[in-house]
Amino acid sequence: DVKVTQSSRYLVKRTGEKVFLECVQDMDHENMFWYRQDPGLGLRLIYFSYDVKMKEKGDIPEGYSVSREKKERFSLILESASTNQTSMYLCASSPTGWEFLAKNIQYFGAGTRLSVL
Amino acid sequence: SQQGEEDPQALSIQEGENATMNCSYKTSINNLQWYRQNSGRGLVHLILIRSNEREKHSGRLRVTLDTSKKSSSLLITASRAADTASYFCATDVVIQGAQKLVFGQGTRLTINP
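In this report, the structure presented in the accompanying data block is examined. (Residues numbered from 1 in each chain as written. Chains lettered and ligands numbered in written order. Predicted model: local features only at pLDDT ≥ 70, side-chain atom pairs only at ≥ 80, totals over all residues. Heavy atoms only, no water.)

Structurally, A:Leu45 is set in strand E6 (residues 42-49). Along the backbone, A:Leu45 and A:Tyr35 are 10 residues apart, and their C-alpha atoms lie at a distance of 4.5 Å. If near-sequence neighbours (up to four positions away) are discounted, A:Leu45 is found in contact with A:Phe33, A:Trp34, A:Tyr35, A:Gly58, A:Asp59, A:Ile60 and B:Lys100. (Helix = DSSP H or I, 4+ residues; strand = E, 2+ residues; numbered from the N terminus. Contact = heavy atoms within 4.5 Å.)

This is the structure in structure tokens:
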């Protein structure tokens, strides 16, 4: 089974802190994604990556950055956390290749619930 | 803006009854997927239907797709307490050259014993 592991289930940080959310997948997937989930807004894509050292902005990248130094790890960085970044953060991965591009099924981690005080 | 919108936002039924959730979307799609999310957890893929398919089954799940109406429905038959979760549709689209999944806001399903 594909396993996507997020380093923390719950995180409490203070305004202005630099926050790192880590995500590791064990299935050699090329594609990795970071979403945030808020009540009434569903899942919104923050950043995604199709390869090592490659990143693309999603729908709401402001206030976030990402790092993908190794294929299995995709980190989300909040440079200076603010209270409006309190949310559930979900990491996902998906394989590539012609067969998989036709499906684009994503595998999710359990999520990190971040509270910024 | 959100591509998919689910309806209803919340649904509460008795165990054993069937549950139907609907999803509407706006642009052309490659496929449409349904995911389940248990409270406080990540999403789990349930079923995928391609744009050239009209109906698909998987166990107690039945998905239909009407591309002319840009809508899909998910039917869960003979519901169980363990089906209590949020259900999301996701459309596979290409936006600015990038292939993405765009999720709806979800339907919160509660199965009462």
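Another aspect to go through is the environment of B:Thr77. Residue and element names in this part refer to chain B. Within the element layout of this structure, threonine 77 appears in the loop between strand E8 (71-76) and strand E9 (85-95). Separated by 17 residues in sequence, threonine 77 and arginine 60 place their C-alpha atoms 5.3 Å apart. Residue contacts for threonine 77: discarding those within four places in its chain leaves Glu17, Asn18 and Arg60.

Bringing the side chain of A:Ser75 into the picture now. Residue and element names in this part refer to chain A. Take serine 75: it is sitting in strand E9 (residues 73-78). A polar side-chain atom of serine 75 sits 2.5 Å from a polar atom in the side chain of glutamate 22. Those residues within four positions of serine 75 in sequence are excluded, and the remaining contacts are Leu21, Glu22, Trp34, Ser65, Val66 and Ser67. (Polar contact = N/O pair within 3.5 Å; in protein donor to acceptor, adjacent residues only side chain to side chain.)

A cis amide bond links B:Asp7 with the next residue in sequence, B:Pro8, at an omega value of 0°. In this structure, B:Pro8 sits in the loop between strand E1 (5-7) and strand E2 (10-14). The residue A:Lys53 is not glycine, and still its phi comes out positive at about 65°. Look at B:Ala78: it is not a glycine, yet its phi comes out positive at around 45°.

Turning next to the nonpolar core. Of all hydrophobic cores here, the largest spans 23 residues; its most connected members are B:Met21, B:Leu32, B:Trp34, B:Leu74, B:Ile76, B:Tyr87 and B:Leu109. Counting residues per element, the ones that place at least two in this core are strand E3 (19-24), strand E4 (31-37), strand E5 (43-50), strand E7 (61-66), E8, E9 and strand E11 (107-112) of chain B. By residue number, the principal contributor to this core is E9(B), which donates 4 residues. When neighbours within four sequence positions are excluded, B:Met21 is seen to be in contact with B:Asp7, B:Trp34, B:Ser72, B:Ser73, B:Leu74, B:Ile76, B:Tyr87, B:Thr107 and B:Leu109. Judged by nonpolar contacts, the second largest core, of 20 residues, contains A:Val4, A:Leu11, A:Ile46 and A:Tyr47. (Core = buried A, V, L, I, M, F, W, Y, C linked by side-chain atoms within 4.5 Å. Buried < 20%, exposed > 50% of the residue type's maximum accessible area, 1.4 Å probe, protein only.)

Once that is clear, we can look at the pairing of E6(A). Consecutive residues of a regular strand have side chains that alternate between opposite faces of the sheet. Residue and element names in this part refer to chain A. Where burial is concerned, most of E6 is hidden: 7 out of the 8 residues are buried. Looking at chain direction, strand E5 (residues 31-38) and E6 are connected through 7 bridges and run antiparallel. Bridge pairing in E6 links glutamine 37 to leucine 43. Counting the residues between successive antiparallel strands, the hairpin from E5 to E6 contains 3 residues, one of them, glycine 40, with a positive phi of roughly 80°. Note: E6 against strand E7 (residues 56-57), 2 bridges, orientation antiparallel. The residue bridging tyrosine 47 from the neighbouring strand is lysine 57, located in E7. Connecting E6 to the antiparallel partner E7 that follows it, the hairpin turn spans 6 residues, and lysine 53 within it adopts a positive phi of roughly 65°. (Pairing = 2+ DSSP bridges.)

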